[in-house]
Protein chains: 6
Amino acid sequence: MSTPRIAIFPGSFDPFTVGHEQIVHQSLELFDKVIIAVGQSLSKTSLMSVEDRLQALRKTFASDSRVEAQSFRGLAINFARQNKARFLIRGLRSSSDFDYELPMAHTNRALAPELTTVFFPTAADRSFISSTLVREIVKNGGDFRAFVPAAFAALLRP
Amino acid sequence: MSTPRIAIFPGSFDPFTVGHEQIVHQSLELFDKVIIAVGQSLSKTSLMSVEDRLQALRKTFASDSRVEAQSFRGLAINFARQNKARFLIRGLRSSSDFDYELPMAHTNRALAPELTTVFFPTAADRSFISSTLVREIVKNGGDFRAFVPAAFAALLRP
Amino acid sequence: MSTPRIAIFPGSFDPFTVGHEQIVHQSLELFDKVIIAVGQSLSKTSLMSVEDRLQALRKTFASDSRVEAQSFRGLAINFARQNKARFLIRGLRSSSDFDYELPMAHTNRALAPELTTVFFPTAADRSFISSTLVREIVKNGGDFRAFVPAAFAALLRP
Amino acid sequence: MSTPRIAIFPGSFDPFTVGHEQIVHQSLELFDKVIIAVGQSLSKTSLMSVEDRLQALRKTFASDSRVEAQSFRGLAINFARQNKARFLIRGLRSSSDFDYELPMAHTNRALAPELTTVFFPTAADRSFISSTLVREIVKNGGDFRAFVPAAFAALLRP
Amino acid sequence: MSTPRIAIFPGSFDPFTVGHEQIVHQSLELFDKVIIAVGQSLSKTSLMSVEDRLQALRKTFASDSRVEAQSFRGLAINFARQNKARFLIRGLRSSSDFDYELPMAHTNRALAPELTTVFFPTAADRSFISSTLVREIVKNGGDFRAFVPAAFAALLRP
Amino acid sequence: MSTPRIAIFPGSFDPFTVGHEQIVHQSLELFDKVIIAVGQSLSKTSLMSVEDRLQALRKTFASDSRVEAQSFRGLAINFARQNKARFLIRGLRSSSDFDYELPMAHTNRALAPELTTVFFPTAADRSFISSTLVREIVKNGGDFRAFVPAAFAALLRP
């Protein structure tokens, strides 16, 4: 039990939602350190810059030193290794989430057998919130404030 | 970090499969103690007695003192509380598993908010193995030995 | 528009949950009369008698004369015809609900083309509540009160 | 019963299919007015112009004054409000449709609680027809005439 | 190519439906002989006797000598071996069918690697027809004739 | 038995994986000739050129004269007709694969009733391997060699 249990929580988080936030809180029950890893995707057109996402994440979890936010490029398994993380966290909202996540978890196990994928169920009342839908609401001027942490809402405000 | 991380892994385990075995091994990466909790269902007609299941489980994990096997009646959340377990483990083989598990996880969260459900993906090459199919094979005289730990195979042999 | 829009909401409702209750409220936005139709299944072992279910339903919707509760035997389409209902209501919590409901809707359309099946999505925060899980909680002495209307909780109390 | 029941049926409809057509016919059993709302997506490369879609829709439903076709920009909930529609119609062909629709329905409920999403099951023999597959057939010179209303087939003919 | 391609199509077929019938017709495009294998389940309460099912099957396919009907006990893989069949046919109506069939196919491959499972999609307009729903209709006096071959309808007539 | 049973196996195969390879081997149990048909998609940005894919496919199946590799444009049903193929092969890894494949199979049946779609289940231990994930690994410098046939690995090596 002497080595700390470090987990990464990789994603685009464009933006990070209150569903993601709940997954982080759940994983803190289990891990000594949780690194939120913001993927720098080249192809996707993003709503928020990676820098803005990192800044808002650090504000959101400012009171808990066990949570870090970093950006990464390339495969999540390499980022995990660089950070001595042996766990990879993913939230599951629905079976279509799971359909997407399972092959990824199996592929990661094939590439990095020492890394364990851990799934947490998103709370029912947040199970419909997705970054994709939030982006759609933001672009169309709708009220997105219930769906993201305050630090994100502040940056997304027009 | 001083309190030990105790998890229960509840199920019928009639019989326990090599898929379940892998979930236990994965969860030992994360928990200080894993209690395999064999539910005493009144209604189901079982292949193995609960006593046989417990005996075979203890043999299977004889070399690892962090694994315990116990039987329980009633709700899994009560068994967790009695054992000071704050985590409930479930394996996920497929999206139909998930469809069954998600409402259970949400219900358990509503009844016992202090208990966190943690899902692990079953390894791909064991993802098709179910207690139900093994029971069917056993009843029809098929060769089930690749699907269960040796201690179970020994008790199921005709 | 002169003929009233009558819908049946068939099910076992053993017990009726707050998820079902929300579906009734939603359907009242649309229909002039909603008949909750409690199926008298011969095979299933039930938690509540059909009489108790009807009584609790009538209490639950006592303030709204547009809601009726009746029992029925046989096919739901025949009960609909007897009550001049042209609509059949079903709630959808998840894709596994849908997998079960879709063939039923198609079969009903083949048998009774004049009857239209209408689906409503169950609210996210009630999407995990099922009669099956509530029965399990009741049988094991758990706290089920958040999951059923008060009139049902009163009858289920030990 | 004095206020008319107005529903919107939003979508891209590029092109509108005989599956969509059946959903409109089903919804006319229930609503006093159905507004087919053609979304003006900026990003998607379309097969038909929005104007062509509107023209073909108006021809398709020329004989029924309860059906309207309009284009809209932005969130469907705002379009609904502008048209005093309290219902939003969606067709369901399969569980993967449902997986996509459910979070949208929950999001719309969170943003506009007064708007009720109503799902209708697409008829079995039209359940495989999608705008995406029709576009693929059109682009590759295949025979698409069985899949779209005549007014659309006329405009899509090479 | 000198050895004939023999396939078994195992199931309960209580009753055999027009969906099953279409799967047999499709498989005759591919196989030299198709053996419809009626499982003699001990536990299930059946609508038709196994003898009646076999008799109606033989009548249904009387004009095609490539189709046989037999009953079997035990594992389908053993029945396949006894009949020198190297192929096992299953129809797929929906993803929930597939969720049930895939682990069975994988288990059969593990037990009998020489046996290949072949899936055919059920035609869309028969995709909702199941033996379970037909039994329900028969028991409740509904009109089931569109759902089963004539030889079955004759035996099911009250 | 006189006309040979010819099947096409259409796809992007960018790259072809060991999962695809197993589907080809399975289909050779059943067909006299299998044509791997590499679609020339205009829109997708590809990892490998169509020529490279064809070359690597021919190397992979060099020892079996029953396997051919060709490129095609347009609808797969037209390519099948040009090659006198009466069967179209698709592998199924998961229910989300099936959700995508079923409407395609129904559409193809509507367009070309003489063409039969045949599904084979991908082996469990290869069920998570997808061209999409392999492309991701290749782009990020990960080790993809376990996921593709040797002839593809040779061309993908940096």
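The sections below set out a description of the structure shown in this document.

About the criteria used
Residues numbered from 1 in each chain as written. Chains lettered and ligands numbered in written order. Predicted model: local features only at pLDDT ≥ 70, side-chain atom pairs only at ≥ 80, totals over all residues. Heavy atoms only, no water. Buried < 20%, exposed > 50% of the residue type's maximum accessible area, 1.4 Å probe, protein only. Helix = DSSP H or I, 4+ residues; strand = E, 2+ residues; numbered from the N terminus. Pairing = 2+ DSSP bridges. Right-handed = clockwise from strand over helix to strand, strands pointing away. Phe/Tyr/Trp six-rings, centres within 6.5 Å; stacked < 30°, edge-to-face > 60°. Least-squares fit on C-alpha atoms with pLDDT ≥ 70 in both. Contact = heavy atoms within 4.5 Å. Buried area = accessible area lost by both parts, 1.4 Å probe. Salt bridge = Lys/Arg side-chain N within 4 Å of Asp/Glu carboxyl O. Polar contact = N/O pair within 3.5 Å; in protein donor to acceptor, adjacent residues only side chain to side chain. Nonpolar A, V, L, I, M, F, W, Y, C, P; charged D, E, K, R; others polar.

### Considering the pairing of strand β2 (residues 33-39) of chain A
Sheet faces and side chains relate simply in a regular strand, where the side chains alternate between the two faces.
Residues and elements named next belong to chain A.
Move 1: Within β2, six of the seven residues are buried, which leaves it mostly tucked inside the rest of the structure.
Move 2: Of the pairings in the sheet, the one linking strand β1 (residues 6-11) to β2 comprises six bridges and is parallel in character. Residue pairing for β2: Ala7 is matched across the bridge by Val34.
Move 3: In this fold, the crossover linking β1 to β2 by way of helix α1 (residues 18-28) has right-handed handedness.
Move 4: Summarising the sheet, β2 and strand β3 (residues 67-72) pair through six bridges and their orientation is parallel. Counterpart to Ala37 in the pairing with β3 is Gln70.

### A closer look at the packing of aromatic side chains
Move 1: What the rule picks out here adds up to 51 aromatic pairs over all chains.
Move 2: Between Phe72(A) and Phe79(A) the ring centres are 5.2 Å apart and the planes differ by 35 degrees, which places this aromatic pair in the tilted class.
Move 3: Taking relative accessible area as the criterion, Phe72(A) reaches 10% and is therefore assigned buried.
Move 4: With centroids separated by 5.1 Å and ring planes inclined at 65 degrees, the aromatic side chains of Phe9(E) and Phe13(E) adopt a geometry described as edge-to-face. Each member of the pair, Phe9(E) as well as Phe13(E), is classed as buried.
Move 5: Taken together, the aromatic side chains of Phe9(A), Phe13(A), Phe16(A), Phe61(A) and Phe152(A) make up a single cluster linked through ring pairs.

### Brief notes about the relation of the copies chain A and chain B
Move 1: In screw terms, the move from chain A to chain B is a rotation of 180 degrees and a rise of 0.0 Å along the axis, fitting with an RMSD of 0.0 Å. These values place the two chain copies in the arrangement generated by a two-fold rotation axis.
Move 2: Mapped onto chain B, 100% of the interface residues of chain A are again interface residues, and the two copies thus contact each other with one and the same surface.

### So, the interface of chain F and chain B
Move 1: In this complex, chain F contributes five residues to the contact, which on the side of chain B involves five residues.
Move 2: Summed over both partners, the interface of chain F with chain B buries about 260 Å², with 67% contributed by carbon and sulfur atoms.
Move 3: The tally of links between chain F and chain B comes to zero salt bridges.
Move 4: Run the count over chain F and chain B and you get one residue pair in polar contact (both at pLDDT 80 or more).
Move 5: Considering only residue class, the side of chain F that touches chain B consists of two nonpolar, two polar and one charged.

### Some points on the pairing of strand β4 (residues 87-92) of chain C
Residues and elements named next belong to chain C.
Move 1: Of all six residues making up β4, six are buried, and the element is well covered by its neighbours.
Move 2: Side chains Phe87, Ile89 and Gly91 project from β4 onto one buried face, and the interleaved Leu88, Arg90 and Leu92 project onto a second face that is buried too.
Move 3: With two bridges connecting them, strand β1 (residues 6-11) and β4 associate as parallel partners. Within the sheet, the bridge partner assigned to Ile8 lies in β4 and is Leu88.
Move 4: In this fold, β4 hands off to helix α4 (residues 95-111), which returns the chain to strand β5 (residues 116-121); that crossover is right-handed.

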